[in-house]
Amino acid sequence: MPEKSVILSFRIPRELKTKLETRASLERKTLTEFVRDLLSSSEGEQLLESARKEFTELESDARDMNTRITSLKARYGEMMETVAESQKGLLDEVESRRKRLKRDRTLDSLLMGLFCFGGALLASLALWAIQTFVGS
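Quick summary incoming for the structure in this document. Since the model is a prediction, treat every value here as computed from it, not as a measurement. (Residues numbered from 1 in each chain as written. Predicted model: local features only at pLDDT ≥ 70, side-chain atom pairs only at ≥ 80, totals over all residues. Heavy atoms only, no water.)

**As for unusual backbone geometry**
Most peptide bonds are trans, and most residues other than glycine sit at a negative phi.
Right, on to step 1. Even without a glycine there, the phi angle at arginine 28 is positive, about 55°.
Right, on to step 2. Position of arginine 28 relative to the elements: it lies in the loop between α1 (14–26) and α2 (31–40). (Helix = DSSP H or I, 4+ residues; strand = E, 2+ residues; numbered from the N terminus.)

Dropping the structure here:
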């Protein structure tokens, strides 16, 4: 004579029920059949298979994340190269302007010296002319 079944009633979180229903649906079983099979499995093979599926999904997600990280690293490297090139260009421009300013200051100093010398020479010449022509 078959063993008479009994009703087992307990509460579980709604999220867990949703997961169980989803897995039961994937195996084309009712929730009751799925839970009964899950509980009666001596080695928990169904639970192990579910865990394997979830692990496979996680591995796939991890590969996707690794691909995205690799892509981001490449983009970051390209951006850093662009920044380095821009900085080098700016530093070259600053150095070029510094040299030009130094050259211009030297030229200005020489010109100022020449003007001062020329002014002093003209003043001396004028003084000599006055003393020579007017003073005699």
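**Concerning a nonpolar patch on the surface**
Right, on to step 1. A cluster of nonpolar side chains, Leu122, Leu125, Trp128, Ile130, Phe133 and Val134, forms an exposed patch at the surface whose accessible area comes to about 720 Å².
Right, on to step 2. Position of isoleucine 130 relative to the elements: it lies in helix α3 (residues 45–134). (Patch = residues over 30% accessible without salt bridge, like charges linked within 9 Å, V, L, I, M, F, W, Y side chains within 5 Å. Areas by Shrake-Rupley, 256 points an atom, 1.4 Å probe, with all protein chains shown as cover. Salt bridge = Lys/Arg side-chain N within 4 Å of Asp/Glu carboxyl O.)

**Digging into the layout of surface pockets**
Right, on to step 1. The volume enclosed by the largest pocket comes to roughly 580 Å³.
Right, on to step 2. As for the largest pocket, its lining consists of 15 residues, of which Leu8, Phe10, Thr32, Val35 and Leu39 are closest to the centre.
Right, on to step 3. Breaking the lining of the largest pocket down by element, the ones donating at least two residues are α1 and α2.
Right, on to step 4. Examining the composition of the lining of the largest pocket, we find that six residues originate from one element, α2, more than from any other.
Right, on to step 5. Across the lining of the largest pocket, the residue classes tally to eleven nonpolar, two polar and two charged.
Right, on to step 6. Its boundaries defined by the atoms lining it, the second largest pocket holds a volume of some 210 Å³.
Right, on to step 7. Every residue along the wall of the second largest pocket is listed here: Thr18, Lys19, Thr22, Arg23, Leu26, Glu27, Ser50, Lys53, Glu54 and Glu57.
Right, on to step 8. Of all the secondary structure elements, the ones that give two or more residues to the lining of the second largest pocket are α1 and α3. (1 Å grid on protein atoms, 1.4 Å probe; cavity = no way out; pocket = protein on both sides within 12 Å on 5 of 7 lines; lining within 4 Å. Points joined across faces, edges and corners; volume = space filled by probe spheres on them. Nonpolar A, V, L, I, M, F, W, Y, C, P; charged D, E, K, R; others polar.)

**Brief notes about the environment of glycine 113**
Right, on to step 1. Along the polypeptide, glycine 113 turns up in helix α3.
Right, on to step 2. Since its relative accessible area comes to 38%, glycine 113 is described here as partly exposed.
Right, on to step 3. Placed 99 residues apart in sequence, glycine 113 and arginine 14 show a C-alpha to C-alpha distance of 94 Å. (Buried < 20%, exposed > 50% of the residue type's maximum accessible area, 1.4 Å probe, protein only.)

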